[in-house]
Amino acid sequence: MKKFLTIIAFFLTANVFAQSADDVANALKAGDANKFSSYFSNAVNISLPQKPEVKNLSKADAAVMIKNFFSQNKVSGFERFSDSRQLNDMTYVAGKLKGAQEYNITVVVKSTGNTTSVIRVRIF
């Protein structure tokens, strides 16, 4: 019985991770910087092309940075490279941002309890 409950808990947790990653991917597909940034953690690391990584940005500052990038680069969509990869309590979403120019993007989503949030964005 204990083994059965462990298996059920695993699948429920994996489903929550997958849903969160899908929500983030859908916001990127829509080219919606506001929706994408709504998933940000209180501290986010962001790396943009030709710029050094900025660590521990507040949610508000990270949102401004991403909104500016989306606006300047006319981001209009996202194409996922493959299914999201999960490692412990983190899910990795990788793909290509579509727009005036294409960029690769990697997003790390962390799950804690019932809360999931983006902790890292790398655009290159």
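Up top you'll find the structure we're talking about.
Residues numbered from 1 in each chain as written. Predicted model: local features only at pLDDT ≥ 70, side-chain atom pairs only at ≥ 80, totals over all residues. Heavy atoms only, no water.

S.K.: When you look at the overall build of the chain in this model, what are you seeing that I'm missing?
M.R.: Along the backbone of the chain there are three helices and seven strands. The secondary structure elements of the chain, listed N-terminal to C-terminal, are α-α-β-β-α-β-β-β-β-β. Across the 124 residues of the chain, 35% fall into the buried class. Sequence separation of at least 24 residues holds for 43% of the intrachain contacts in the chain that already meet a minimum separation of 6. About 7,400 Å² of surface is accessible on the chain, with carbon and sulfur atoms providing 52% of the total. (Helix = DSSP H or I, 4+ residues; strand = E, 2+ residues; numbered from the N terminus. Buried < 20%, exposed > 50% of the residue type's maximum accessible area, 1.4 Å probe, protein only. Contact = heavy atoms within 4.5 Å. Areas by Shrake-Rupley, 256 points an atom, 1.4 Å probe, with all protein chains shown as cover.)

S.K.: Would you explain the pattern of salt bridges in this entry?
M.R.: Side chains that differ in sign of charge can pair as their charged atoms come close. A complete count under the given rule lists five salt bridges for this structure. Between Asp89 and Lys110 there is a salt bridge, and its shortest N-O distance comes to 3.6 Å. With Asp89 in the loop between strand S4 (85-87) and strand S5 (90-98) and Lys110 in strand S6 (residues 103-112), this residue pair connects regions lying 21 residues apart in the sequence. By relative accessible area, which is 27% here, Asp89 ends up partly exposed. Linked through salt bridges whose partners overlap, the residues forming this network are Glu79, Lys98 and Glu102. (Salt bridge = Lys/Arg side-chain N within 4 Å of Asp/Glu carboxyl O.)

S.K.: Could you clarify how one ought to interpret the nonpolar core in this entry?
M.R.: Most often, soluble globular proteins have nonpolar side chains that are buried together. Formed by 28 residues in total, the largest nonpolar core has its most connected members in Phe36 and Leu97. Elements that contribute at least two residues to this core include exactly helix H1 (2-29), helix H2 (33-37), strand S1 (40-47), helix H3 (59-72), S5, S6 and strand S7 (115-123). Top element by residues in this core is H1. It accounts for five residues. Those residues in contact with Leu97, other than ones at most four positions away along the chain, are Leu28, Phe69, Phe70, Val75, Gly77, Phe78, Glu102, Tyr103, Ile105 and Ile123. (Core = buried A, V, L, I, M, F, W, Y, C linked by side-chain atoms within 4.5 Å.)

S.K.: What is the right way to look at the packing of aromatic side chains in this model?
M.R.: Think of a pair of aromatic rings as described by two things: how far the centres are apart, and how the planes are tilted against each other in angle. Counted under the stated rule, the structure contains four aromatic pairs. For the pair Phe69 and Tyr103, a centre-to-centre distance of 5.2 Å together with 65° between the ring planes defines the contact as edge-to-face. Note that Phe69 is positioned in helix H3 and Tyr103 in strand S6, a separation of 34 residues in sequence. Across the pair, exposure class does not vary: Phe69 and Tyr103 are buried alike. Ring pairs connect the aromatic residues Phe36, Phe40, Phe69, Phe70 and Tyr103, which therefore count as one cluster. Just above the ring of Phe124 sits the side chain of Arg122; from NZ or CZ to the centre is 4.1 Å. (Phe/Tyr/Trp six-rings, centres within 6.5 Å; stacked < 30°, edge-to-face > 60°. Lys NZ or Arg CZ within 6 Å of the ring centre and 35° of its normal.)

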